[in-house]
2 protein chains.
Amino acid sequence: MLTVHHLGNSQSERIVWLCEELGLPYELVRYDRDATGVAPAAYKALHPLGTAPIVTDGKLALAETGAIVDYILAKNGAGGLALTPDDSEFANYLFWLHYANGSMVPAIMVVLMFSYSGLTEPNDVAKSMMSRLDKAYELSEKRLSTVPYFGGSRFTMADIMMGYPLTRSRTFLPRDLSPYPGIRAFLKRIGDRQAFKRAMAKGDPDMPPLLA
Amino acid sequence: MLTVHHLGNSQSERIVWLCEELGLPYELVRYDRDATGVAPAAYKALHPLGTAPIVTDGKLALAETGAIVDYILAKNGAGGLALTPDDSEFANYLFWLHYANGSMVPAIMVVLMFSYSGLTEPNDVAKSMMSRLDKAYELSEKRLSTVPYFGGSRFTMADIMMGYPLTRSRTFLPRDLSPYPGIRAFLKRIGDRQAFKRAMAKGDPDMPPLLA
C-alpha cells in the first residue's frame, strides 16, 4: 500500500488530494515543519532529495511531484483525471499540467527568495521574475474566464497541479485575488470538492479555508 | 508538420534533440537572443507564455517543455524513449524525467538570479538554494556511477531532460566537473550520439563542443 509522507503546508498536499480524488487506499504520515520553516530531519531522511512530496511503496521511496503523479496514475489508472490524445483539449491539458511546476512554482520560489534577500529595492532581475508571476495569474485568469477547469469542461490532474500555486496566495505569498474573478470562481469550485475537503482535513487541518 | 521554434542556447535545444532521436519530420526555425540576452519579440509573439521552447502544429501553439515532450511522444509514439510501468526502472525513470525541470533547472535559475542580484555575499536563502544545486550534481553523480543512463541501462527521455541542466555547466553557470566522473562519462555518451550531434549542428552550430 502507498504511504504518502505529507509535510504540512507543502506541495505534498497535492498527492493527498490526488489519492482522495482517486479513492485510493493509502496511509498518510504527517510531518510538521521545524521552527525555521523547513522539513524535519525525519522527513529529509526518507529520500536523498529530501523535499516534499515523498511517497513510499514497499521498498520504493519516490520524490518529485511530477514523478509521483505519473507513478500513481500509471499504477492505479487515471480515473478520468488525464485527458487522452484524441481530446480536443489535450494540448491545453498538457500545458497547464506542466506549467504549474515548470514555470509558476519556480517563479513563486524566485520571488520568495528575493523577498528574503535583504534587497530593499527589486533590481531588474527580480522585476523580470516578478513579472513572470504576474503573467502566471494573467494567463490563469484568461483560461479560467472561458472554461471552468484548466483542462476545459471537466476536472483533471491539471487542476490539482495548478491548484497548489494558486492557493499559495493565502499562505506563502499573499496576493489580492480581486482582479481575478475567473481564478476565484475556480478556487470556489475546488474548495467545494469533497476530495479536496477530505485531503485538507487529513493533511492540513489548521490551514485557513480556501476562500473567504 | 511540427515546427520547432528554437531560441539559441535555451531549453528548446531539447525539443530539437528529441525530434532528431525520433527521426521525425519537422521544420526548425531559429531565433537569436537579443543584445540583452532575452528572446526577441518575434519569439515572444509565438505564444502568450513567450518562453522557450515553443512548437507550432497547424493552428496549435504549445509552450512548456514537459507539455511539448508529452505531446510529441503521444502523437508520434515514444520510440523506446519512455519506460513502461512494468519496467524495474520505471520509478527511477520518472524521477529523473521530472527532477530536471521540477528541481534542478529552478535551482540553476535561483543561483543565476542571485549571481545577478548585486548581493556580494550570499545570504542564508541563497546558500540554501546553492546547496540544492550542489545536491543535483551529487545525486546525478551517484546515479551515473552505477548505471550509464538516468533510466538505467538504456537511453531514454530522462536523459534528454537531464542533459540540458548538466550541459549548462559550459555556458550559463560554469562548473568544474572534475569531481564527477560519472557525469563526465554520461556527457561523453550523449555527445557521441548522432541525433545529439545533428540537433546541435542545426540548432546551435556555434556552441562549444560538449566536452573537451
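Rules and cut-offs
Residues numbered from 1 in each chain as written. Chains lettered and ligands numbered in written order. Predicted model: local features only at pLDDT ≥ 70, side-chain atom pairs only at ≥ 80, totals over all residues. Heavy atoms only, no water. Least-squares fit on C-alpha atoms with pLDDT ≥ 70 in both. Contact = heavy atoms within 4.5 Å. Phe/Tyr/Trp six-rings, centres within 6.5 Å; stacked < 30°, edge-to-face > 60°. Helix = DSSP H or I, 4+ residues; strand = E, 2+ residues; numbered from the N terminus. Buried < 20%, exposed > 50% of the residue type's maximum accessible area, 1.4 Å probe, protein only. Lys NZ or Arg CZ within 6 Å of the ring centre and 35° of its normal. Buried area = accessible area lost by both parts, 1.4 Å probe. Salt bridge = Lys/Arg side-chain N within 4 Å of Asp/Glu carboxyl O. Polar contact = N/O pair within 3.5 Å; in protein donor to acceptor, adjacent residues only side chain to side chain. Pairing = 2+ DSSP bridges. Axes fitted to C-alpha atoms, helices over the stretch in contact; angles between N-to-C directions. pLDDT = per-residue confidence, 0-100. Core = buried A, V, L, I, M, F, W, Y, C linked by side-chain atoms within 4.5 Å.

1. So, the relation of the copies chain A and chain B
Superposing chain A onto chain B takes a rotation of 180° combined with a translation of 0.0 Å along the rotation axis, leaving an RMSD of 0.0 Å. Such a combination of turn and shift is consistent with a two-fold rotation axis. The overlap is high: 100% of the interface residues of chain A also sit at the interface in chain B, so the same surface is used on both sides.

2. What to know about the packing of aromatic side chains
Residues and elements named next belong to chain B. Scanning the model with the defined rule gives 20 aromatic pairs over all chains in all. Ring centres of Tyr-31 and Tyr-43 lie 4.9 Å apart, and the angle between their planes is 85°; this geometry places the pair in the edge-to-face category. Here Tyr-31, found in strand β2 (residues 26–31), pairs with Tyr-43, found in helix α2 (residues 41–44); they are 12 residues apart in sequence, far enough to count as distant. Ring centres 5.1 Å apart and planes at 75° place the aromatic pair Phe-150 and Phe-186 in the edge-to-face group. One end of the pair, Phe-150, is in the loop between α5 (124–144) and α6 (157–167); the other, Phe-186, is in helix α7 (residues 181–191), and 36 residues separate them in sequence. One exposure class covers both Phe-150 and Phe-186, and it is buried. Directly above the ring of Tyr-149 sits Arg-189, whose terminal nitrogen or CZ lies 6.0 Å from the centroid. A cation over an aromatic ring shows up here: Arg-193 above the ring of Phe-155, its NZ or CZ 3.6 Å from the ring centre.

3. Re the interface of chain A and chain B
Every contact between the two is made by 39 residues of chain A and, on the other side, 39 residues of chain B. Carbon and sulfur atoms make up 74% of the surface buried where chain A meets chain B, a total of about 3,400 Å² over both sides. Of all residues in chain A, Glu-64, His-98 and Met-113 of chain A give up the largest surface area on contact with chain B, accounting jointly for 16% of the area buried on that side. Taken together, the connections running from chain A to chain B amount to 0 salt bridges. In this assembly, chain A and chain B are joined by 12 residue pairs in polar contact (both at pLDDT 80 or more). When contributions to the side of chain A that touches chain B are tallied by element, the ones reaching two or more residues are β4 (60–63), α3 (65–76), α4 (90–115) and α5 (124–144) of chain A. Considering every element that reaches the side of chain A that touches chain B, the biggest residue donor is α4 of chain A, with 14 residues.

4. What to know about the environment of Gly-203 of chain B
Residues and elements named next belong to chain B. Along the chain, Gly-203 falls in helix α8 (residues 194–203). Using a relative accessible area of 1% as the deciding quantity, one classes Gly-203 as buried. Residue contacts for Gly-203: discarding those within four places in its chain leaves His-6, Leu-28 and Arg-30.

5. Details of the sheet that holds strand β3 (residues 54–57) of chain B
Residues and elements named next belong to chain B. One open sheet accounts for 4 strands, arranged β2-β1-β3-β4; its pairing is mixed. In this open sheet, the two edge strands, each paired with only one partner strand, are β2 and β4 (60–63). The sheet shows a mean angle of 20° between the axes of neighbouring strands, direction not considered. Taken together, the 4 bridges between β3 and β4 define a ladder with antiparallel strand orientation. Bridge pairing links Thr-56 to Ala-61 in β4. Helix α3 (residues 65–76) rests against β1 (2–7), β3 and β4 of the sheet, and its axis sits at about 125° to β4. Sheet strands in contact with α8 are β1 and β2, and its direction is about 50° off that of β2.

6. Re the sheet that holds β4 of chain A
All names here are of chain A. One open sheet accounts for 4 strands, arranged β2-β1-β3-β4; its pairing is mixed. What marks the edges here is a single partner per strand, and that holds for β2 (26–31) and β4. Each adjacent strand pair in this sheet contributes to an overall mean axis angle of 20°, direction not counted.

7. Overview of the confidence of the model for chain A
This prediction gives chain A a mean pLDDT of 92; 95% of its residues lie at or above 70. For this predicted complex, the interface score ipTM comes out at 0.95, alongside a pTM of 0.96.

8. Thoughts on the nonpolar core
The tendency in soluble globular proteins is for nonpolar side chains to be buried as a group. One finds Ile-72 and Met-157 of chain A together with Met-157 of chain B to be the most contacted residues of the largest nonpolar core, which totals 137 residues. Residues Phe-114 and Met-129 of chain A together with Phe-114 and Met-129 of chain B belong to the second largest nonpolar core, which totals 10 residues.

9. Details of the environment of Arg-198 of chain A
All names here are of chain A. Along the chain, Arg-198 falls in helix α8 (residues 194–203). Note on Arg-198: relative accessible area 37%, which makes it partly exposed. When the C-alpha positions of Arg-198 and His-5 are compared, they lie 16 Å apart, and in sequence the two are 193 residues distant.

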